[in-house]
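Read off the chains here:
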Amino acid sequence: MSDSSVSNPPLKIAILGAGAWGSALAKLANYNGHTVYLWSRRLGNSLAESIHSIDVLVSAISMRGVTATIDQLHSLKLPDQIPIVTATKGLDPDSTCTPSQLWGRGFPDHPIVVLSGPNLSAEIQQGLPAATVVASEDLEAAKIVQRVFASNRFRVYTSSDPMGTELGGTLKNVIAIAAGVCDGLQLGTNAKSALLTRALTEIIRIGTHLGGKTETFFGLSGLGDMLTTCNSALSRNYRVGYGLAAGKTLEQVLTELGSTAEGVNTTNVLIEIAHRERIPVPISWQVYQLLNHQITPQKAVESLMERDLKPEFYL
Ligand SMILES: NC(=O)C1=CN([C@@H]2O[C@H](COP(=O)(O)OP(=O)(O)OC[C@H]3O[C@@H](n4cnc5c(N)ncnc54)[C@H](O)[C@@H]3O)[C@@H](O)[C@H]2O)C=CC1
Ligand SMILES: O=C(CO)COP(=O)(O)O
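Residues numbered from 1 in each chain as written. Chains lettered and ligands numbered in written order. Predicted model: local features only at pLDDT ≥ 70, side-chain atom pairs only at ≥ 80, totals over all residues. Heavy atoms only, no water.

Overview of the overall build of the protein chain
What the protein chain contains, in helices and strands, is 15 helices and 7 strands. Here the C-alpha atoms of the protein chain give a radius of gyration of 19 Å, agreeing with the 20 Å that 2.2 N^0.38 yields for 315 residues. Its C-alpha atoms put the protein chain at 60 × 35 × 35 Å along the principal axes. Here the protein chain holds 315 residues, and 52% of them are scored as buried. (Helix = DSSP H or I, 4+ residues; strand = E, 2+ residues; numbered from the N terminus. Rg over C-alpha atoms; globule rule 2.2 N^0.38 Å. Buried < 20%, exposed > 50% of the residue type's maximum accessible area, 1.4 Å probe, protein only.)

See below:
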């Protein structure tokens with residue numbers, strides 16, 4: 001049996017961002033026999049050369065670098081109509097847009113594909129089995145990206161709901177911080193299940209308001225990614241919450257982490273959106289206050305437990 005279970009003509013893929021996720025995605029594409037050009041500011045290689053005559057562009061840049069990278073690409077010649085894949089899980093603080101919205105505005109003639117799922121990069125680097133979702137309004141583009149990454153170690157599903165797929169992966173980072181607090185305070189399994197179940201309701205409330213489909217949030221990129229990120233010490237966002245519960249300051253935790261924890265910025269942008277759109281997000285609100293030094297972890301738990309009583313579901 002060949003290394004890869006999927007045989008496809010080799011393509012030229014540029015992956016922007018050589019951090020934890022970009023490097024893992026490069027390994028998956030290499031495994032399938034594609035030629036990968038990994039570009040990063042830190043590597044100092046040429047962006048123009050990296051995108052020359054490529055078939056697919058993948059962005060695995062952290063949120064704070066997305067706009068600058070789009071601007072930089074504008075001055076270069078991207079091959080016509082190739083799919084642009086965004087794997088970033090964040091929200092832009094200036095516009096409150098998702099990365100796929102920024103890429104769509106920047107490159108309106110290219111199909112935009114969101115790649116998101118329960119994908120801790122350290123496990124993928126080890127070759128452990130995992131699954132993900134590639135979502136686009138352009139199904140043919142999603143299928144091209146599916147074939148780029150799918151193998152006997154990485155199962156890739158297509159979806160026609162890019163917004164729901166992207167928001168599931170983005171909003172669960174806020175909840176992963178809360179989950180880290182829950183475990184750090186040793187609140188028990190009942191509390192953790194209650195937190196994650198109510199958090200899913202919260203994600204669906206805001207996610208559907210912003211255009212995602214309800215069923216997507218029950219899938220791999222929603223519930224699936226929430227379960228992974230909220231239950232693993234490999235998750236940087238989980239570790240932020242865990243560190244705060246141990247009495248560390250946010251600054252201390254982020255310094256120790258030395259890597260991207262998108263949930264911190266996402267919480268601030270999410271609360272801005274929730275206030276603007278008048279959408280209740282009680283768990284994310286406690287995370288916001290905690291990150292902004294307005295509340296202790298213990299007080300955040302008390303506030304959630306003492307909220308007004310209500311039915312679980314509104315019919
Ligand atoms: N690590 C993981 O397990 C996964 C990460 N992600 C998402 O992928 C994105 C990247 O995460 P990681 O690779 O883990 O982070 P990382 O911190 O390891 O790497 C970040 C990358 O972004 C680049 N970057 C940062 N600012 C930039 C700027 N101003 N201009 C150009 N490039 C810039 C860095 O050079 C680096 O290549 C995040 O949005 C994260 O949520 C998604 C799935 C899994
Ligand atoms: O998105 C991820 C797993 O799917 C990675 O989570 P962290 O960014 O919290 O490490």
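Comments concerning the site of ligand 1
Taken together, 23 residues are adjacent to ligand 1, and Trp21, Ser121, Arg236, Thr260 and Glu262 come closest. A distance of 3.4 Å is found between a nitrogen atom of ligand 1 and a side-chain nitrogen or oxygen belonging to Arg41. Within the backbone of Lys89, an N or O atom sits 3.0 Å from an oxygen atom of ligand 1. When the free accessible area of ligand 1 is taken as 830 Å², the share hidden by the protein chains comes to 91%. (Near = heavy atom within 4 Å. Polar contact = N/O pair within 3.5 Å; in protein donor to acceptor, adjacent residues only side chain to side chain. Areas by Shrake-Rupley, 256 points an atom, 1.4 Å probe, with all protein chains shown as cover.)

Topic: the side chain of Asn119
Here Asn119 is to be found in the loop between strand 5 (112–116) and helix 5 (121–125). A polar atom in the side chain of Asn119 sits 2.7 Å from the side chain of Thr132. Contacts of Asn119, omitting those with residues within four sequence positions, involve Trp21, Ile124, Ala130, Ala131, Thr132, Phe154 and Asp225. (Contact = heavy atoms within 4.5 Å.)

Considering the pattern of salt bridges
Evaluated as defined, the whole model comprises 8 salt bridges. The shortest N-O distance in the salt bridge between Asp225 and Lys172 comes to 3.8 Å. Separated by 53 residues along the polypeptide, Asp225 in helix 10 (residues 220–230) and Lys172 in helix 7 (residues 162–184) bring together distant segments of the chain. Across the pair, Lys172 and Asp225 agree in class, each one buried. A salt bridge links Glu302 to Lys299, with the shortest nitrogen-to-oxygen separation between them at 3.6 Å. With Glu302 and Lys299 both in helix 15 (residues 297–305) and 3 residues apart, this pair spans about one turn of that helix. (Salt bridge = Lys/Arg side-chain N within 4 Å of Asp/Glu carboxyl O.)

Thoughts on the packing of aromatic side chains
Aromatic ring pairs: the centre-centre distance and the angle between the two ring planes describe each pair. Taken as a whole and judged by the stated rule, the model has 3 aromatic pairs. Look at Trp285 and Tyr288: their rings are 5.3 Å apart centre to centre, the planes differ by 15°, and that puts the pair in the stacked class. Highlighted residues: Trp285 and Tyr288, both in helix 14 (residues 282–291), separated by 3 residues, approximately one helical turn. Positioned above the aromatic ring of Tyr31, the side-chain terminus of Arg153 is 3.9 Å from the ring centre. (Phe/Tyr/Trp six-rings, centres within 6.5 Å; stacked < 30°, edge-to-face > 60°. Lys NZ or Arg CZ within 6 Å of the ring centre and 35° of its normal.)

So, the UniProt feature "domain: Glycerol-3-phosphate dehydrogenase NAD-dependent N-terminal" (unreviewed entry) in the protein chain
Following the UniProt record, one finds the feature "domain: Glycerol-3-phosphate dehydrogenase NAD-dependent N-terminal" (unreviewed entry) at residues 12–42 and 45–141. Secondary structure within residues 12–42 divides into 39% helix and 32% strand; the distance between the first and last C-alpha atoms comes to 22 Å. This span, residues 45–141, is 30% helix and 19% strand, and a straight line between its end C-alpha atoms measures 27 Å. (UniProt positions renumbered as here; feature names shortened; annotations may be inferred.)

Considerations on the side chain of Gln289
Summarising the element assignment, Gln289 is placed in helix 14. Discounting chain neighbours no more than four positions away, the residues touching Gln289 are Gln294 and Ile295.

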